[in-house]
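# Structure assessment
The primary structure of each chain is shown beneath.
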Amino acid sequence: SGFMASVPVVPLWVCGVATQLLSLSLASFGQTMQRYSHRAKSSQALFKGGGISLFIVSGPISMTSYLWAPISSITVLGALRSPLLAILALWFLGERIDGKCWHGICLSVAGSWFGVLSAPKEKLHPLSNPMEFYTPAVVAYLTAVVPLYLVMLVIVMRSMKFKQMIWTIPFLSAVSFNVQVLYSDVVGRLSLTGFEGPRFWSQPSAVFVVFVIMATALLQLQLSVVGVDHHPPHRLIPVANGLSAAITFVQSVFVVHEFENISNWRAVGWALSALLGIWGSALVARSGEDEDTSPSNKAPLLGTCEVDVL
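Only a predicted model underlies this, so the values are computations on that prediction, with no experimental measurement involved.

### Observations regarding the overall build of the chain
- When its secondary structure is counted, the chain shows 13 helices and zero strands.
- For the chain, the succession of helices and strands along the chain, N to C, is α-α-α-α-α-α-α-α-α-α-α-α-α.
- In the chain, which comprises 310 residues, the share counted as buried stands at 50%.
- Long-range contacts, defined as pairs at least 24 residues apart, comprise 83% of the intrachain contacts of the chain with a sequence gap of at least 6.
- Per element, the accessible surface of the chain, about 14700 Å² overall, is 70% carbon and sulfur.

### Section: the nonpolar core
- Ranked by size, the top nonpolar core spans 60 residues in total, and within it Tyr66, Leu77, Phe133, Leu172, Leu182 and Tyr183 carry the most contacts.
- For this core, the element with the highest residue contribution is helix α9 (residues 168-191), accounting for 11 residues.
- Apart from the residues within four sequence positions on either side, Leu172 is in contact with Tyr149, Met152, Leu153, Val156 and Leu223.

### Quick word on a nonpolar patch on the surface
- On the surface, a cluster of nonpolar side chains totalling about 340 Å² of accessible area is made up of Phe114, Leu272, Leu275 and Ile278.
- With three residues, the single largest contributor to the nonpolar patch is helix α13 (residues 264-287).
- Mapping Phe114 onto the fold places it in helix α6 (residues 99-118).

### Considering the packing of α6 against α13
- In contact at an axis separation of 7 Å, α6 and α13 are set at 160 degrees when each is read in the N-to-C sense. In terms of orientation, α6 lies roughly antiparallel with respect to α13. In this structure, α6 meets α13 at a crossing whose hand is left-handed.
- When grouped by side-chain class, the residues that make up the contact of α6 with α13 number 10 nonpolar, 12 polar and three charged.

### Digging into the pattern of salt bridges
- This model, assessed by the stated rule, comprises three salt bridges.
- The partner of Lys48 in a salt bridge is Asp229, and the shortest N-O contact between them spans 3.5 Å. Of this pair, Lys48 sits in helix α3 (residues 44-68) while Asp229 is found in helix α11 (residues 204-230), placing the two residues 181 residues apart along the sequence.
- Residue Asp229 is classed as partly exposed on the basis of its relative accessible area, which comes to 25%.
- Note that Arg189 is salt-bridged to Asp185, the shortest N-O span being 3.6 Å. Placement of the pair is Arg189 and Asp185 together in helix α9, with a separation of four residues, close to one helical turn. Like Arg189, the residue Asp185 is buried in the burial classification.

### Describing the packing of aromatic side chains
- Tallying each qualifying case throughout the model produces seven aromatic pairs.
- Summarising the aromatic geometry, the rings of Tyr66 and Phe177 are spaced 6.1 Å apart at their centres and angled 70 degrees between planes, so their arrangement reads as edge-to-face. Of the two residues, Tyr66 sits in helix α3 while Phe177 sits in helix α9, which places them 111 residues apart along the sequence. No difference in accessibility class separates Tyr66 from Phe177, as the two residues are buried.
- Here the aromatic cluster, defined as three or more aromatic residues joined through ring pairs, consists of Phe133, Tyr134, Tyr183, Phe208 and Phe211.

### Observations regarding helix α7 (residues 136-158)
- In this model, α7 (23 residues) spans 34 Å end to end at C-alpha, consistent with the 33 Å of a helix rising 1.5 Å per residue.
- The set of residues buried in α7 consists of Val138, Tyr141, Leu142, Tyr149, Met152, Leu153 and Val156.
- Lining the buried residues of α7 we find α8 (160-163), α9, α11 and α12 (233-255).

### Comments concerning the environment of Thr19
- Note that Thr19 resides in helix α2 (residues 12-36).
- It is 6.7 Å that separates the C-alpha atoms of Thr19 and Ser62, two residues lying 43 residues apart in sequence.

### Comments concerning the confidence of the model for the chain
- On average, residues of the chain carry a pLDDT of 80, and 88% of them reach 70 or more.
- Here helix α1 (residues 2-6) stands out as the least confident element of the chain, with mean pLDDT 44; α7 is the most confident, with 92.
- Contacts for the low-pLDDT stretch residues 1-7, under 50 throughout, to residues beyond four places or in other chains number zero contacts.
- Under a pLDDT of 50 for its full length, residues 290-310 has, in the predicted model, 37 contacts with residues more than four places off or in other chains.

Reading the values: rules and limits
- Residues numbered from 1 in each chain as written.
- Predicted model: local features only at pLDDT ≥ 70, side-chain atom pairs only at ≥ 80, totals over all residues.
- Heavy atoms only, no water.
- Helix = DSSP H or I, 4+ residues; strand = E, 2+ residues; numbered from the N terminus.
- Buried < 20%, exposed > 50% of the residue type's maximum accessible area, 1.4 Å probe, protein only.
- Contact = heavy atoms within 4.5 Å.
- Areas by Shrake-Rupley, 256 points an atom, 1.4 Å probe, with all protein chains shown as cover.
- Core = buried A, V, L, I, M, F, W, Y, C linked by side-chain atoms within 4.5 Å.
- Patch = residues over 30% accessible without salt bridge, like charges linked within 9 Å, V, L, I, M, F, W, Y side chains within 5 Å.
- Salt bridge = Lys/Arg side-chain N within 4 Å of Asp/Glu carboxyl O.
- Axes fitted to C-alpha atoms, helices over the stretch in contact; angles between N-to-C directions.
- Parallel < 35°, antiparallel > 145°, perpendicular 65-115°, else oblique.
- Left-handed = near helix turned anticlockwise from the far one by under 90°.
- Nonpolar A, V, L, I, M, F, W, Y, C, P; charged D, E, K, R; others polar.
- Phe/Tyr/Trp six-rings, centres within 6.5 Å; stacked < 30°, edge-to-face > 60°.
- Expected span 1.5 Å × (residues − 1).
- pLDDT = per-residue confidence, 0-100.

If you want it as structure tokens, here you go:
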């Protein structure tokens, strides 16, 4: 008992941050492998299947992090995927990373760490029943967002022109991701009051929460596959992260009210971190506007595979 008493207790928000870092690393490697499969004639299915599998595994790990930490503490970590994807694109894909792209990556990373430091560390408003989640603000938000989202989803997925725009797939992914986060946060807030186990599964409203989480996860998988087939991950994901930061700000401040019990300075600091992430993502998106869409002439690190022109 003396040994156990000397072991430090790790705060839940630290567990959430560590879990999210693992998830974003797996997702980044997976999407890079999928993109590389376009170049690997002899083992295309292996790389694409392996990449998609890593992305699938990263999903449940990511959602677990939202059970332990507030939405605003976790979402800003997505900006850390920017430097990882850039390095992977440089080494494995032979992509050219220009100065504007690196500047955007640095701004995104700075905003991410600034956001982690200033964001709330504990979940507010525990729920004793899933239906308590549907406050007037949540109902108004979902009523406005979901129908417009579904219409845009159908239009984009039916049009090759829209798929090739750098912001359409990231926008759809960011919205579905944030809806998924909202419902994952519900599970975390229910666990604070002991609403779990058999009691959880006996409630239709709780089962619906799980259904939404799974449905949005499948939607994000499809969007990721389509997006990476049309755009390099090191440009696609930073744009999605910037859009997600803007949506998270709206959700955290006006929908779930995560900033109620923290100082104004910390709230302003988190808003500033979101702006840095959006600014950095915009620079990354613009960095590729003048680039040739064909693969770089530079040989990738995995140079044993044959390369064809996309």
